[in-house]
Amino acid sequence: MAAVVMNGKALAAKVKQEVKERVSQMEQKPGLAVVLVGDNPASHVYANGKRRDCEECGIYSEEYMVPETISQDEFVSLLEELNQREDIDGILIQLPLSEHLDEKQILLTIRPDKDVDCFHPYNMGRLTEGEEGVYPCTPAGVMRILKEYNIDPSGKYCVVIGRSNIVGKPQALMMMQANATVTVCHTKTPDLKADCLRADIIISAAGKPNLVTADMVKEGAVVIDVATTRTEQGGLCGDVDYEAVAQKASYITPVPGGVGPVTRAMLMENTLYAARLHGKK
Ligand code: NAD
C-alpha cells in the first residue's frame with residue numbers, strides 16, 4: 001500500500017497561523033534579526049524567505065547583509081549590539097560563514113536567550129539534559145511532523161542517518177527523549193541497510209541522493225527525509241528513493257514540501273518563545 005504523504009507545507013501554514021494568533025494578542029511584538037554575509041542571490045533568497053515568514057506571523061524583522069570583508073571584531077560588535085536591543089528577541093546567522101571568520105566564537109557571542117537556531121552550547125546542553133528551551137528548528141520540525149500525524153516514537157526503533165550538530169545529533173537526542181530506541185548512522189557505519197531494516201522510523205539527513213532505497217526499508221516504516229540536495233535542474237531532492245520507498249513505508253515526507261517548510265515555521269515559534277523569555281506579553 002502506498003504511504004501517507006506527510007504534508008509539510010500545510011503543517012507549516014498551521015504552525016505559522018498559531019504563532020500569528022498568539023503574537024496578535026501581545027502588546028510588544030517579538031523581533032528577529034537575520035545576519036547574512038555577502039550580498040549574493042542565495043543570501044537574498046534566504047533573507048526574503050525569513051522576512052515573509054515574519055510578516056505572516058506579525059513578527060518584527062531586520063536584516064543585516066554584511067560585506068564578505070567584515071572583520072571578526074566588527075561581526076562580534078554587531079552581535080553585541082543586537083544582544084542589547086530590547087526589540088530584538090532572536091538572532092539568526094546564515095551559515096557557513098566566510099573562511100576568515102571564527103564561526104565558533106561568533107556563535108558563542110549570541111546570547112543564549114536570543115539563540116533561536118540553538119547553536120549555543122548552553123542551549124545544546126539544555127537539550128541534552130531534556131530541559132525545556134529553544135530547540136534546533138529542523139529536528140524540532142521533524143518532531144512536530146510526527147506529532148501531527150499521531151506517530152508516537154515511544155517504544156519504536158529509530159535510525160537517524162547523519163550526526164551533524166545541526167540535525168543528526170539533536171534529532172537523536174529528541175527521539176531518545178520521546179522514548180524511541182535510537183541508532184545514529186554515519187559515513188563509518190558498517191552496514192547501513194541492516195540498521196535501517198530494523199527501524200520503525202528512519203530519519204535521513206545525509207545529503208546523499210538515493211541513499212535510502214526500498215530494499216533498506218521495513219514494510220510499514222515511517223520515513224522522514226530531511227536532506228535537501230540541489231539537483232542539476234536546479235530543484236531539490238532528498239536522500240530517499242521516494243517513489244519506490246513510498247510503496248513500502250506507512251508515512252513518508254516529500255522533498256520539497258516536507259521537513260523544509262516546517263523547519264522555517266519552527267523558527268517563528270522559537271522567536272516567539274524567546275520573546276516570552278524576555279517578558280513580552
Ligand atoms: P552534514 O554534511 O553536516 O552532515 C551529514 C551527515 O550525514 C554526516 O554526519 C555524515 O556522517 C552523514 N552521511 C553522509 N553520507 C553518508 C552515507 N553515505 N551513509 C551514512 N551517513 C552519511 O549535513 P547537515 O547540515 O546535517 O544536513 C544534512 C542534510 O539535511 C543536507 O542535505 C542539508 O541540506 C539538509 N538540511 C535540511 C534542512 C531542512 O530544513 N530541510 C535543514 C538543515 C539541513
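Residues numbered from 1 in each chain as written. Predicted model: local features only at pLDDT ≥ 70, side-chain atom pairs only at ≥ 80, totals over all residues. Heavy atoms only, no water.

Participant: Explain the layout of surface pockets to me, please; I cannot follow it from the model alone.
Facilitator: Empty space among the atoms can be located by rolling a probe the size of a water molecule over them. Roughly 1,600 Å³ of internal volume is contained in the largest pocket. Contributing to the lining of the largest pocket are 47 residues, with Tyr46, Lys50, Thr138, Thr228 and Thr263 lying nearest its centre. The set of elements that each furnish at least two residues to the lining of the largest pocket consists of helix H2 (41–57), strand E4 (90–93), helix H6 (137–148) and helix H10 (259–277). Its residues assigned to classes, the lining of the largest pocket shows 25 nonpolar, 14 polar and 8 charged. Each of two domains, domain 1 (30–113) and domain 2 (136–260), supplies a minimum of three residues to the lining of the largest pocket. (1 Å grid on protein atoms, 1.4 Å probe; cavity = no way out; pocket = protein on both sides within 12 Å on 5 of 7 lines; lining within 4 Å. Points joined across faces, edges and corners; volume = space filled by probe spheres on them. Helix = DSSP H or I, 4+ residues; strand = E, 2+ residues; numbered from the N terminus. Nonpolar A, V, L, I, M, F, W, Y, C, P; charged D, E, K, R; others polar. Domains from an automatic or database assignment.)

Participant: Before we go on, may I ask you to explain unusual backbone geometry in this structure?
Facilitator: A negative phi angle characterises most non-glycine residues, just as the trans form characterises most peptide bonds. Residue Pro96 follows Leu95 across a cis peptide bond; omega there is 0°. Residue Pro256 follows Val255 across a cis peptide bond; omega there is 0°. Mapping Pro256 onto the fold places it in the loop between strand E11 (251–252) and H10. For Cys118, which is not glycine, the phi dihedral falls at a positive 60°. By secondary structure assignment, the location of Cys118 is in the loop between helix H4 (103–109) and helix H5 (121–128). Given a relative accessible area of 2%, Cys118 falls into the buried group. (Buried < 20%, exposed > 50% of the residue type's maximum accessible area, 1.4 Å probe, protein only.)

Participant: I'm lost on the site of the ligand in this one. Help?
Facilitator: Every one of the 19 residues lining the ligand counts as a neighbour, but Thr138, Arg163, Ser164, Thr228 and Thr263 are closest to it. At 2.8 Å from an oxygen atom of the ligand is found a main-chain nitrogen or oxygen belonging to Arg163. In the environment of the ligand, an oxygen atom lies 3.1 Å from a nitrogen or oxygen atom belonging to the side chain of Thr263. By residue number, the principal contributor to the shell around the ligand is H10, which donates 3 residues. Classifying every residue of the shell around the ligand by side-chain character gives 8 nonpolar, 9 polar and 2 charged. (Near = heavy atom within 4 Å. Polar contact = N/O pair within 3.5 Å; in protein donor to acceptor, adjacent residues only side chain to side chain.)

Participant: Which parts of the structure should I look at to understand the sheet that holds strand E8 (residues 222–225)?
Facilitator: Where strands meet in a sheet, backbone hydrogen bonds hold them as pairs that are either parallel or antiparallel. Overall, parallel pairing links the 6 strands, which are arranged E1-E11-E8-E7-E5-E6 in an open sheet. The open sheet has two edge strands with one neighbour each: strand E1 (4–5) and strand E6 (181–185). Both strand E5 (residues 157–161) and strand E7 (residues 201–204) contribute to a ladder of 4 bridges, which runs parallel. Among the inter-strand pairings, Cys158 is bridged to a residue of E7, identified as Ile201. (Pairing = 2+ DSSP bridges.)

Participant: Whenever I open this one, the domain arrangement of the chain confuses me. Can you help?
Facilitator: Quoted interface sizes are often the accessible area lost when the parts come together. On domain assignment, one finds that the chain holds domain 1 (30–113) and domain 2 (136–260). The gap between the C-alpha centroids of domain 1 and domain 2 is 29 Å.

Participant: Can you help me understand the packing of H2 against H10 in this one?
Facilitator: Each pair of packed helices gets described by two things: the angle between the helix axes and the distance between those axes. It is the contact of H2 with H10, at a shortest axis distance of 10 Å, that shows an interaxial angle of 55°. Taken together, the axis directions place H2 and H10 in an arrangement best described as oblique. Two packed elements cross with a definite hand, and for H2 against H10 that hand is right-handed. Note on element contacts: H10 touches H2 through Arg264, Leu267 and Met268, opposite Gly49, Lys50, Arg52, Asp53, Cys54 and Cys57. Residue composition of the contact of H2 with H10, grouped by class: 4 nonpolar, 1 polar and 4 charged. (Axes fitted to C-alpha atoms, helices over the stretch in contact; angles between N-to-C directions. Parallel < 35°, antiparallel > 145°, perpendicular 65-115°, else oblique. Left-handed = near helix turned anticlockwise from the far one by under 90°. Contact = heavy atoms within 4.5 Å.)

Participant: Looking at this structure, I do not really get H2. What am I missing?
Facilitator: Because an α-helix packs 3.6 residues into every turn, residues spaced three or four apart end up facing the same way. Across its 17 residues, H2 extends 25 Å between first and last C-alpha, which sits within 8% of the 24 Å expected from 1.5 Å per residue. Of the positions making up H2, those classed as buried are Ser43, Ala47, Gly49, Lys50, Asp53, Cys54 and Cys57. In a view along the axis of H2, the buried residues occupy a sector of 155°, so they form one face of it. Set apart from the buried face of H2 by more than 90 degrees, the exposed residues are Pro41, Val45 and Glu55. Its buried side turned inward, H2 meets helix H1 (8–24), strand E2 (31–37), strand E3 (60–66), E4 and H10. (Expected span 1.5 Å × (residues − 1). Arc of directions from axis to C-beta.)

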